[in-house]
Amino acid sequence: MTDLVVETHGLTKRYGQRTAVDGLDLTVPRGVVAGFIGANGAGKTTTLRMLLGLVRPTSGTATVLGHDLSEPSSYLPKVGALIEAPSFYPGLSGERNLRVQTTLGAIPDRRIGEVLDVVGLTGRGADPYKSYSLGMKQRLGIASALLGSPELLVLDEPTNGLDPTGIREMRELLRQVADTGLTVLVSSHQLVELEQVCDWLVMVDSGRRVFQGTTAQLLAAGSDRLVLATEDPRDLDRLVTVVRDQGALAERQGRKVHVPLGGVEDVTGFLAGINRAAMGEAITLVEIAVAAGTLEDRYASLVGAA
Amino acid sequence: MNAFRSELVKLGRRTTLLAAGAVLPFLALLATTLVVLNATTTPTIGAGDGFEPSLAMLGTTGGLTAGFRASTGFLGILVFTLFLTSFSSEFSQGTLRTLLVREPRRVRLLVGKLSAVLLLVAASLLLAEVLSIGLSAVLASSRDVPLSSWWTADGLQQAGGDYLNALLASAFFGATGAAVAMLTRSTVVGLAIGLAWLMPLEHIVQNAWPDAEKWFPGLLFDVVARGGSTLVSYQYGLTAGVVGAAALLVAGATSFVRRDVSG
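Bear in mind the structure is a predicted one, so any value in this text is a computation, not a measurement.

Turning next to the packing of aromatic side chains. All told, the structure shown has eight aromatic pairs over all chains when counted by the stated rule. Judged by centre distance (6.5 Å) and plane angle (85°), the ring pair of phenylalanine 91 of chain B and phenylalanine 256 of chain B falls under edge-to-face. Placement of phenylalanine 91 of chain B in helix H5 (residues 75-92) and of phenylalanine 256 of chain B in helix H12 (residues 234-258) is noted, with a sequence separation of 165 residues between them. In this pair, the class of phenylalanine 91 of chain B matches that of phenylalanine 256 of chain B, namely buried. Relative to phenylalanine 216 of chain B, the ring of tryptophan 209 of chain B lies with its centre 6.3 Å away and its plane at 75°, an arrangement referred to as edge-to-face. For phenylalanine 216 of chain B, a relative accessible area of 15% corresponds to the buried category. Ring-pair connections join several aromatic residues into one group, and the members of that group are Phe88, Tyr129 and Tyr132 of chain A. Across the ring face of tyrosine 129 of chain A, the terminal group of lysine 137 of chain A is positioned such that the distance to the ring centre comes to 5.3 Å. Seen from the ring of phenylalanine 87 of chain B, lysine 113 of chain B lies directly overhead, with NZ or CZ sitting 5.3 Å from the centre.

Structure representation (structure tokens):
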């Protein structure tokens, strides 16, 4: 059995003149929670649909759980998926909707109660699906994906449309599911959510990969920034010029000046140099702080560079 | 087999059974009431069947299912709509992608779904015929129609034949509805095209060109349901019906198997 649960080479999907996925090479190691990151329209959903046999690639190759993409019936029984909004029959109860799935996939019916318990819907299974809140619908979608005791769980934008409470619940559910050891591939454009649960990241932009690796690798790749504030806010624009004269990038954001620290090896020396230059221009600094880079910062810099 | 059983789980819902399964029996009872109560003592031209048979005809072996046969005129639209909505709603609700992740062998999914919906129609038709026969017996007795030839082997054979014809026509209309759904992937568009074609268009053309009954699918399937017509033999209708329904189904199935599921 391979250590890579998902592996694609040059995966491409074109719709007429539009290229949705453009020669994508990605890997997902076994046992990770992999975040699939990209803006809306970056090609995430199309890629996931190709992996699930719903959309045929225009070119390229891929394997899922060691099986070729052209043989979805050999690997899909071991894959659970929630693609975009959960899709169920509104007139059927949650339980009956899941029974449609267990019958189709020859999955023991006892799994219905088990997965409802995992997602916190015990006691609500008999209610009509149409009476569920959006958060409950999403949770039923996860329950459906877990029915077949999958080795790989594919979730496409599972927090879409949820309120902050629902997002927090979904994040906890995801963490709970990941703790069982199965591999999770979750796509989202809400980077803050992914940052907290993912240990492997694949970033895409315009159908192309811009980063792949561990979350730690990405954040260690110099996305920290220096935040400066002056005693007199009228000095902020002059401070930007002073910093730029030191050969660094600087940008005013409200009452602060932000200076990316990417590529700066001697941060202390760099800070001292800026402080001296500011003093030389009679600018009094009241705040000099190093802010840790976020996934969002790193994504923005990678997409900007792509 | 799993796809078939899975579809039955969906169809087994009480409201679905009532909505889809009770319409045909209701129409059969209505048609039976009209047929028996409208039966005339004096035979007129064209009064051998339909909604105004003669009382003498009702007393023959064919009288047993005269009401049921008359109700099959509504069969096409109902079965077409049932199959079309059953398939197109999978696209519009997005449930198809969930099903295909669970069963990626699309032909199996298609066959299972078609078989399950057809089973529902078959059961509904059977109930319709049994109820129609029961009501016919009660109403015919009140009109002094002799029933002795009804309960003979010939009478029951006629009833079996009428059921089989209705079922065959249902399969043809069902295949057409499913094919239109798979090609259009839309309930609204599918219904607009299908109903416009089957209801006004075919009949308008038929009024101007009677031979349309030999060529147009809806008219041909109706011929099978009626066991033949004055213009088209049953054998011709059956053969052409099989060919037409198969062609439509192959076109729909090809689209279903090959096209991306993006919605």
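On we go.
Moving on: unusual backbone geometry. If you check the backbone angles, alanine 106 of chain A has positive phi at about 50° while not being a glycine. Along the chain, alanine 106 of chain A falls in the loop between helix H3 (94-104) and helix H4 (110-118). Despite not being glycine, aspartate 144 of chain B shows a phi value in the positive range, around 60°. Mapped onto the fold, aspartate 144 of chain B is located in the loop between helix H7 (106-142) and helix H8 (153-184).

One pass over the structure, following the stated rule, counts 21 salt bridges over all chains. Notably, a salt bridge pairs glutamate 103 of chain B with arginine 105 of chain B, separated by 3.0 Å at the nearest N-O pair.

In a beta sheet, neighbouring strands are held together by backbone hydrogen bonds and run either parallel or antiparallel to one another. Residues and elements named next belong to chain A. One open sheet holds the four strands; their spatial order is S12-S13-S11-S14, and the pairing between them is antiparallel. The strands lining the two open edges of the sheet, one partner per strand, are strand S12 (251-253) and strand S14 (285-291). Averaged over all pairs of adjacent strands, the angle between strand axes in this sheet comes to 25°, irrespective of strand direction. For S12 and strand S13 (residues 256-260), the ladder comprises three bridges, and the chain directions are antiparallel. Across the sheet, residue glutamine 253 finds its bridge partner in S13, namely lysine 256.

Reading the values: the criteria
Residues numbered from 1 in each chain as written. Chains lettered and ligands numbered in written order. Predicted model: local features only at pLDDT ≥ 70, side-chain atom pairs only at ≥ 80, totals over all residues. Heavy atoms only, no water. Phe/Tyr/Trp six-rings, centres within 6.5 Å; stacked < 30°, edge-to-face > 60°. Helix = DSSP H or I, 4+ residues; strand = E, 2+ residues; numbered from the N terminus. Buried < 20%, exposed > 50% of the residue type's maximum accessible area, 1.4 Å probe, protein only. Lys NZ or Arg CZ within 6 Å of the ring centre and 35° of its normal. Salt bridge = Lys/Arg side-chain N within 4 Å of Asp/Glu carboxyl O. Pairing = 2+ DSSP bridges. Axes fitted to C-alpha atoms, helices over the stretch in contact; angles between N-to-C directions.

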